[in-house]
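# A look at the structure
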Amino acid sequence: MDVSGKKAVVFGGTSGIGLATARQLAELGAEVIAISRDPSKAGAPGPGISLRQGDVRDREGLTATLAALAPYDILISAATGGERAFGPFLEMDLDGYQASFDKLWGYANVVRLGAGHLSDNGAIVLVSGYPARSTEVGMIALGSVGAAVEAFARYVAREIAPRRINVVSPGFIDTPLFALQGAERAEMIAESTAGQPIARAGTADEVAQAIVFAVHNDFVTGTTIDVEGGVLLT
Ligand SMILES: NC(=O)c1ccc[n+]([C@@H]2O[C@H](COP(=O)([O-])OP(=O)(O)OC[C@H]3O[C@@H](n4cnc5c(N)ncnc54)[C@H](OP(=O)(O)O)[C@@H]3O)[C@@H](O)[C@H]2O)c1
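What comes next concerns the included structure. (Residues numbered from 1 in each chain as written. Predicted model: local features only at pLDDT ≥ 70, side-chain atom pairs only at ≥ 80, totals over all residues. Heavy atoms only, no water.)

## Quick word on the packing of helix H1 (residues 16-27) against helix H7 (residues 204-216)
Quick reminder of the rule: Each axis is a line fitted through C-alpha atoms, and for a helix only the stretch in contact is used; angles between axes span 0 to 180 degrees, taken between their N-to-C directions. Helix and strand definitions follow DSSP, with helices as H or I runs of at least four residues and strands as E runs of at least two, each counted in order from the N terminus. Note on angle classes: values under 35 degrees are labelled roughly parallel, values over 145 roughly antiparallel, values of 65 to 115 roughly perpendicular, and the remainder oblique. It is the rotation of the near helix from the far one that decides the hand of a crossing: anticlockwise by less than a right angle makes it left-handed, clockwise makes it right-handed. The contact definition used throughout considers only heavy atoms, calling two residues in contact when any of these lie within 4.5 Å.
It is the contact of H1 with H7, at a shortest axis distance of 8 Å, that shows an interaxial angle of 60 degrees. With respect to each other, H1 and H7 are oriented oblique. Between H1 and H7 the crossing geometry is right-handed. Contacts between H1 and H7 involve Gly16, Ile17, Ala20, Thr21, Gln24 and Leu25 from the first element and Ala204, Asp205, Val207, Ala208, Gln209, Ile211 and Val212 from the second.

Dropping the structure here:
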């Protein structure tokens, strides 16, 4: 797909990976609408990007938003969707485990309510995460959700063809998702990435490059692209 002149709707497009994706698509000439619960966090996102308020868990609001923006060519969700739970499964709060699936429900809402407005050669991209295929202690909630997102996209790929859907799976990426600042943040990142072949956090732009690739390449569908510094090798 030649992105220039296309319309792109990016949920979670106001921060981190989603915002980097919105900027790269806009630089390539797309008209981008970046949506989140509090879009003011994007500040002045740059030329070609307009901001809109929306919650991926609100089906009624989503239905109206997507109808108002239709038709569009590119539909992306990088929205975290809600709280994320950490810890070993046998010790963790089951409500927290269940609530972590808000990310999947958000993606399901976006795809179900949004795919019908996609142009004939349109493309969808979702974001999972390396725990989907790792077994790191404490990451079972994120892993379960990420694996569900990847399976979801494989199934949907057959239903929406020739339109396409793919998943990009990040490793540890330095974004506002992590609240720590200064020395504490640097220490947390160094500890979290020390064992990786590429022993640093990735950047939102490095993940966005893979999302743009999945949009651009018309022969890629139903797959997951890892951008993870080799963490899955550890
Ligand atoms: N950073 C990492 O290391 C990492 C690793 C693996 C996977 N991921 C995944 O990558 C994706 C992007 O993460 P990020 O690191 O870029 O995080 P981020 O900087 O916190 O951005 C998350 C975005 O999602 C939006 N959002 C959250 N809940 C939403 C909702 N219910 N409805 C609409 N928008 C919502 C946020 O805006 P509002 O708060 O204004 O709604 C924000 O724009 C997430 O799915 C995350 O799980 C990240």
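Next comes the rest of the account.
## Things to note about H7
Formally: How far a helix is expected to stretch is found by multiplying one less than its residue total by 1.5 Å. Note on classification: 1.4 Å probe, protein chains only; a residue is buried when its accessible area is under 20% of the maximum for its type, exposed when over 50%, partly exposed between these limits.
In this model, H7 (13 residues) spans 18 Å end to end at C-alpha, consistent with the 18 Å of a helix rising 1.5 Å per residue. Buried residues of H7: Ala204, Val207, Ala208, Ala210, Ile211, Val212, Ala214 and Val215, and no others. Along its buried surface, H7 packs onto H1, strand S4 (72-77), strand S5 (118-127), strand S6 (164-170) and strand S7 (224-227).

## Topic: the pairing of S5
Every other side chain in a regular strand lies on the same face of the sheet, so the side chains alternate between the two faces. Heads up, the rule is: Think of it this way: DSSP has to see at least two bridges between two strands before they count as a pair.
Among the ten residues of S5, eight are classified as buried, and the element is accordingly described as predominantly covered. Inspection of the sheet shows S4 paired to S5 by five bridges, in the parallel sense. Looking across to S5, one finds that Tyr72 is bridged to Leu118. In terms of strand pairing, S5 meets S6 through five bridges, oriented parallel. Bridge pairing in S6 places Leu126 opposite Val167.

## Considerations on the pattern of salt bridges
Selection rule: By definition, a salt bridge exists where a carboxyl oxygen of Asp or Glu is found within 4 Å of a side-chain nitrogen of Lys or Arg.
For the structure shown, the criterion picks out seven salt bridges. Ionic pairing is found between Asp55 and Arg57, a salt bridge with its closest N-O pair at 3.3 Å. Its relative accessible area of 37% is what places Arg57 among the partly exposed residues. The closest approach of N and O atoms between Asp102 and Arg57, which form a salt bridge, is 3.5 Å. Placement of Asp102 in helix H4 (residues 102-114) and of Arg57 in the loop between strand S3 (49-53) and helix H2 (59-69) is noted, with a sequence separation of 45 residues between them. On the basis of relative accessible area, Asp102 is assigned to the partly exposed category, the value being 21%. Taken together, the shared-partner salt bridges in this structure form one network comprising Asp55, Arg57 and Asp102.

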